[in-house]
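As a plain string of letters, each chain reads:
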Amino acid sequence: MAAAVPIVDYLVLGDDPHLVAKECTSCGARFFDRRNACASCSGTEFSDARVATEGELTAYTIVAFAAPGVPVPFVAGVVDCDGTSVRGNVINVEPDPEHVKLGMKVKLATYVVGTDDEGTEAIGFGFEPIER
Amino acid sequence: MADDIWILGITMTKFGKHPDKDAVDLASEAALGALADAGVTMRDIGVLAAGNLMEAAAGIGQQLQKQIGQTGIPVYNVANACATGATALRTAIMAVKAGECDMGLAVGVEKLAGAGLLGGGGTPKSDKKVFEPRGRFGAVTSTDGRIGTNTMPGVFAQVGMQYLHKHPYEGEPFDLFARISEKNHAHSTLNPLAAYTKRMTLDEIKNDVMIAYPNTRPMCSANCDGAAAAVVVSGSKLKTLSLEQQRRAVKISASVLTSDPWQEACQVLPDVNTLTRLAARQAYEQAGVGPEDLDLVELHDCFATAELVHYDNLELCEPGGAADFFLSGATWRDGKTPVNVSGGLQSKGHPIAATGIANIWEICHHLRGEAGDRQIEGAKVGLAHVIGLGSACGVHILERSGLAA
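Residues numbered from 1 in each chain as written. Chains lettered and ligands numbered in written order. Predicted model: local features only at pLDDT ≥ 70, side-chain atom pairs only at ≥ 80, totals over all residues. Heavy atoms only, no water.

Colleague: Can you help me understand the overall build of chain A in this one?
Modeller: When helices and strands are tallied, chain A shows 0 helices and 10 strands. Beginning at the N terminus, the succession of helices and strands in chain A can be written as β-β-β-β-β-β-β-β-β-β. In terms of principal-axis extent, the alpha carbons of chain A reach across some 40 × 40 × 30 Å. Of all 132 residues assigned to chain A, the portion counted as buried reaches 47%. Long-range contacts, defined here as pairs at least 24 residues apart, represent 46% of the contacts in chain A between residues at least 6 apart. Of the roughly 6300 Å² of accessible surface on chain A, 47% is carried by carbon and sulfur atoms. Taken together, the 10 basic and 20 acidic charged side chains of chain A have centroids lying 7 Å from each other. (Helix = DSSP H or I, 4+ residues; strand = E, 2+ residues; numbered from the N terminus. Buried < 20%, exposed > 50% of the residue type's maximum accessible area, 1.4 Å probe, protein only. Contact = heavy atoms within 4.5 Å. Areas by Shrake-Rupley, 256 points an atom, 1.4 Å probe, with all protein chains shown as cover. Lys, Arg positive; Asp, Glu negative; His and termini not counted. Charge placed at Lys NZ, Arg CZ, Asp CG, Glu CD.)

Have a look at this one:
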């Protein structure tokens, strides 16, 4: 099996793929990027917090026109994962307003983004509709 | 009582394509126009604040001085995303307010015709591709289009859709947002300085090229060239000037600049709401007026989806009631609170650094009773709003001079 790396360092791969946020130990604010301090309370200590893998789509757009090299159309959105907002694409869905709905329930899913010259796969994530 | 600050002279160039003029030409045209409108010269100006976002390192202020007057005054070159023009104006206001001088000049200019899509794209990779984590997210490849979108039409599309999720709307979102664009394109037909002055039907807008649902091309701000400039003066200096200058002067009742305070999710999708609400609240307090007193509003409709949320953020409507407010016709030029009678960024155009002064020019034009065919009759109070992602928000409230006819 090919070696795999996550597309970003806050995606944890394995049998149970999930996102991990840096959570401020003083105020609980969550962030996904490398931190110098907390934007909410200026605290400097953070712990890793697992982000729920299911959530609700609270905003979206269907991008039809993007920078060269970015395949279109795709659905970009914000998912409320049990109180933590996550930016991501809505995947495994027809990219049209008949199939993508505000408030729809979605869950984290991973897929292969690409392979580098050493055969390592980059694994991306998105959110797919939860079948009811 | 602190000394009031006034707009003594203000102008904007025609927005659109100016292939034969560079940024310095456009800035000069606007600056000389504002000085002439004010009835003063560069010799009277004690501070210059200049904004040009796309070439922020080029020192547009000093380049401008070399064309219209090198008088040795302090120059502040400012860059603050789409709020650059408002920031330049506010810089000049602060200098006058601080008593460092009694007259200041603010200029904003941008060459943006044909710039295309702003905000998207990734870092080009070297020939040999080996995944290595880079940047603050440890990304091994470009994330634009894979983890959401960086393009402006897509970001602001989500801003509008998020509003309709928080405040559920029964109708079709696409239709609602397209109708906002229909209004602004209709308004633009009366503005000879707008980049586009063609009235568009709802169907034409909806059937145009889709950029990022629900924003089609005419629902996006138009990239174009343009400049705007303003001369500001202290109240005590104004009293020494001619009656005609005093009559045409417009009072700056509030000048506010905010950045976004931390909110959950504000680093996930830019929160353009909280800082606008803060700025509006501060501005109403400073000016001692309320949203119901406004005769016209120029707000930052960089996309049709953005205009809707700012009705609410600027407290023009009931909380959560932006869609109903718009559908009531309130924001058309014959409505209760005319919004973007200039045509807005969607048709007037959005030469980034010029926008935050051009919006104020539009308000002043009406308060002075000089807006011709598109004059809002009897306008006494107006509000101008801009927002730049990152974020920065400028709100100015302007009032007609008591001496005005």
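Colleague: Looking at this structure, I do not really get the sheet that holds strand β3 (residues 75-78) of chain B. What am I missing?
Modeller: Strands pair in a sheet through their backbones, by hydrogen bonds, and they do so in one of two ways: parallel or antiparallel. Residues and elements named next belong to chain B. Across the sheet, 9 strands lie side by side as β3-β2-β4-β7-β1-β8-β11-β10-β9; this open sheet has mixed pairing. Two strands close off the open sheet at either side, each with one partner strand: β3 and β9 (296-298). Taking each pair of neighbouring strands and ignoring which way they run, the sheet shows an average axis angle of 25°. Sheet topology note: the strand β2 (residues 47-51)/strand β4 (residues 103-110) ladder contains 5 bridges and is parallel. (Pairing = 2+ DSSP bridges. Axes fitted to C-alpha atoms, helices over the stretch in contact; angles between N-to-C directions.)

Colleague: Before we go on, may I ask you to explain the nonpolar core in this structure?
Modeller: Nonpolar side chains tend to gather and get buried jointly when the protein is soluble and globular. Counting residues in each nonpolar core, the largest one holds 81 residues, and the members touching the most others are F125 of chain A together with Y311 and L316 of chain B. At 6 residues, the largest contribution of residues to this core is made by helix α9 (residues 274-287) of chain B. Membership of the second largest hydrophobic core comes to 36 residues, among which are I5, A230, A358 and A379 of chain B. (Core = buried A, V, L, I, M, F, W, Y, C linked by side-chain atoms within 4.5 Å.)

Colleague: When you look at the pairing of strand β8 (residues 250-259) of chain B in this model, what are you seeing that I'm missing?
Modeller: Side-chain direction in a regular strand flips from residue to residue, so the side chains alternate between the two faces of the sheet. Residues and elements named next belong to chain B. Counting buried residues in β8 gives 7 out of 10 residues, a clear majority hidden from the surface. Across 3 bridges, strand β1 (residues 5-12) lies against β8 in antiparallel orientation. Paired with W6 across the strands is K251, a residue of β8. Both β8 and strand β11 (residues 392-400) contribute to a ladder of 9 bridges, which runs antiparallel.

Colleague: When you look at the interface of chain B and chain A in this model, what are you seeing that I'm missing?
Modeller: Many descriptions give the size of an interface as the accessible area lost when the pieces come together. Contacts between the two partners involve 41 residues from chain B and, on the opposite side, 54 residues from chain A. Both faces considered, chain B and chain A share a buried interface measuring about 4000 Å² in area, 60% of it formed by carbon and sulfur atoms. Sorting the residues of chain B by area buried against chain A places R136, I147 and W262 of chain B first, and these three jointly supply 19% of that buried surface. The interface formed by chain B and chain A includes 0 salt bridges. Secondary structure elements with two or more residues in the side of chain B that touches chain A: α4 (152-166) and β5 (210-213) of chain B. Broken down by element, the residue count for the side of chain B that touches chain A peaks at 7 residues, all from α4 of chain B. Within the side of chain B that touches chain A, the residues separate by chemical class into 18 nonpolar, 16 polar and 7 charged. In this structure, strand β6 (residues 54-63) of chain A lies alongside β5 of chain B, joined through 2 bridges in antiparallel fashion. Residue pairing in the sheet places V63 of chain A in a bridge with A212 of chain B of β5 of chain B. (Buried area = accessible area lost by both parts, 1.4 Å probe. Salt bridge = Lys/Arg side-chain N within 4 Å of Asp/Glu carboxyl O. Nonpolar A, V, L, I, M, F, W, Y, C, P; charged D, E, K, R; others polar.)

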